[in-house]
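Structural features, examined
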Amino acid sequence: MQLGKLALFTAVLSTCIYAHSGAQENSPLKVGVGGTFGKPKIMPHLEKFALAQLSVTYKLTTTQMSIGKGAGKMAGARITAYLETTDGELTDADFQEVTDYFFSYFQKKLKSNGVDTVAWSKIAATDFYKDADEKNDDKADKEENLVKVTKFANNGNNMYGGFAGFAFGKIKRASRFCDEIGAPAGFFHLVVDFADLTSGVDIKSDAPNYPSGYYPYTVTTTYKYHAATKPDVKVIPNPKQLTMLWNEKSQSETLNLEKDLESGVMYHTALVQDPSRIKNRAFAFAKAMDPVVIETTREQYKNAAKKALEKYADAFVATAKEMKKD
């Protein structure tokens, strides 16, 4: 990420105040507004809404690392899981299918709960959409050798990269866009993971309790590593990109997902350890545990991913309805 973008992104996060109300106490989604005394202006008043951009990143490898401390020592454990379909590789068309399903489900969920929506054809006809020039910055993920696929609903353009709010001339253009389509717009950046990983290391020392002055003596330190994998397709928090709402008055709100939204679908057919996938057993000071391969079929994975994304749409609508009551 470029330094200018990073600084602006940090500034946005530091000035983002998350609204606290009875509606949001139990919601996985928290609405952020700018300013110390800022209050949400969009979510509590949703009568019409445009799903202007639905970006979903699907992780095909996932990694977790933990750090343990004890006996004056520190060590880490790292585990990686791989998604593998036994009936052929997942294709771009598969991921696009899931993403487009999410858009359709989200639209229907909004309408069935009294929120009118904007047709995609109207969004795609605007100059703001046609002139979209944002790009995703995936340098960090490449450095971690993570495998992922990002798709936009309806093969849409990237109008908002998620790194900071609109700036300069784009503020006016985004506001005109909302005025033109007659509704506030949502720009979503979601991440779908396929496993819940845990790892840890216990450190113990058996230093003898000799009286002062008895030297030398040998201290033996032992490290016990452990890890676990739970196959679980879910929407997870995205710390790298913001999801933002915008309206014709240049008012903005961010949506922060504070916990995983699990599909609740048992999707895997097998789970096996594969030590051969380790290229280097040492990552800095973290020991690499035996990688895990989660096997499934393309249809089983797609079904679970759709269910997880449904949970996000459900949470969005529930939060909007509860905030309206407040």
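In short, a report on the structure. (Residues numbered from 1 in each chain as written. Predicted model: local features only at pLDDT ≥ 70, side-chain atom pairs only at ≥ 80, totals over all residues. Heavy atoms only, no water.)

Looking now at the overall build of the protein chain. The helix and strand inventory of the protein chain stands at seven helices and 16 strands. Within the protein chain, the fraction of its 326 residues that count as buried is 45%. Once local pairs closer than 6 in sequence are excluded, the contacts in the protein chain between residues at least 24 apart make up 80%. Approximately 16600 Å² of the protein chain is accessible, and the part contributed by carbon and sulfur atoms is 50%. (Helix = DSSP H or I, 4+ residues; strand = E, 2+ residues; numbered from the N terminus. Buried < 20%, exposed > 50% of the residue type's maximum accessible area, 1.4 Å probe, protein only. Contact = heavy atoms within 4.5 Å. Areas by Shrake-Rupley, 256 points an atom, 1.4 Å probe, with all protein chains shown as cover.)

The biggest cluster of nonpolar side chains holds 73 residues, and the ones touching the most others in it are Phe106, Phe187, Phe188, Tyr301, Tyr312 and Phe316. No other element matches the 12 residues that helix 7 (residues 298-325) contributes to this core. The contacts of Tyr312, once residues within four sequence positions are left out, are Leu29, Phe102, Phe106, Phe188, Leu190, Val235, Thr243, Leu255 and Leu261. (Core = buried A, V, L, I, M, F, W, Y, C linked by side-chain atoms within 4.5 Å.)

Let us now look at the pattern of salt bridges. Under the counting rule described, the total for this entry stands at 13 salt bridges. One salt bridge in this structure joins Glu299 and Lys302, with 3.0 Å as the shortest N-O distance. Here the residue Glu299 and the residue Lys302 both occupy positions in helix 7, the gap between them amounting to three residues, near one helical turn. What you see here is one network of salt bridges that share partners, running through Asp94, Glu97, Arg298, Glu299, Lys302 and Lys306. (Salt bridge = Lys/Arg side-chain N within 4 Å of Asp/Glu carboxyl O.)

Let us now look at the side chain of Asp193. Along the chain, the position of Asp193 falls in strand 8 (residues 185-205). Exposure remark for Asp193: the relative accessible area of 5% places this residue in the buried category. A polar contact is formed between the side chain of Asp193 and the side chain of Thr62, at a distance of 3.0 Å. Those residues in contact with Asp193 that lie beyond four places of it in its chain are Lys59, Thr62, Asp232, Val233, Lys234 and Ile236. (Polar contact = N/O pair within 3.5 Å; in protein donor to acceptor, adjacent residues only side chain to side chain.)

Position of Ser175 relative to the elements: it lies in helix 6 (residues 169-181). Engagement of the side chain of Ser175 in a polar contact is seen with the side chain of Trp246, the distance being 3.1 Å. Among the polar contacts listed, one links the side chain of Ser175 to the side chain of Ser250, at a separation of 2.5 Å. Those residues in contact with Ser175, other than ones at most four positions away along the chain, are Trp246, Asn247, Glu248, Lys249 and Ser250.

On to the environment of Gln53. Looking at where Gln53 falls in the secondary structure, it is placed in strand 3 (residues 48-59). Spatially, the C-alpha atoms of Gln53 and Ala185 are 8.3 Å apart, while their sequence positions differ by 132 residues. With residues near it in sequence (within four places) discarded, Gln53 still touches Phe152, Asn157, Asn158, Met159, Tyr160, Gly186, Phe187, Phe188 and His189. Side chain to side chain, Gln53 and His189 meet in a polar contact 3.2 Å long.

The next point concerns a nonpolar patch on the surface. There is a patch of nonpolar side chains on the surface, built from Met65, Ile67 and Met74 and spanning about 300 Å² of accessible area. By the element assignment, Met74 lies in strand 5 (residues 73-85). For Met74, a relative accessible area of 48% gives the class partly exposed. (Patch = residues over 30% accessible without salt bridge, like charges linked within 9 Å, V, L, I, M, F, W, Y side chains within 5 Å.)

On the secondary structure map, Lys39 appears in the loop between strand 2 (29-34) and strand 3. The exposed category is assigned to Lys39, whose relative accessible area is 61%. As a C-alpha pair, Lys39 and Glu253 span 214 residues in sequence and 9.3 Å in three-dimensional space.

Moving on, we come to the packing of aromatic side chains. Inspection of every chain in the model, using the stated rule, returns 19 aromatic pairs. With a centroid separation of 6.5 Å and an interplanar angle of 80 degrees, the aromatic rings of Phe102 and Tyr312 are classed as edge-to-face. One end of the pair, Phe102, is in helix 2 (residues 92-112); the other, Tyr312, is in helix 7, with 210 residues separating them in the sequence. Measuring from centroid to centroid gives 5.6 Å for Phe166 and Phe187, while their planes differ by 85 degrees, and the two rings are edge-to-face. Taken together, the positions of Phe166 in the loop between strand 7 (148-152) and helix 6 and Phe187 in strand 8 put the pair 21 residues apart, joining distant regions of the chain. Per residue, the accessibility class of Phe166 equals that of Phe187, and both read buried. Members of the aromatic cluster, connected to one another through ring pairs, are Phe49, Phe102, Phe106, Phe188, Tyr312 and Phe316. The aromatic ring of Tyr82 is capped on one face by Arg277, whose charged end is 4.7 Å from the ring centroid. It is Lys306 that lies over the ring of Tyr101; its NZ or CZ is 5.2 Å from the centre. (Phe/Tyr/Trp six-rings, centres within 6.5 Å; stacked < 30°, edge-to-face > 60°. Lys NZ or Arg CZ within 6 Å of the ring centre and 35° of its normal.)

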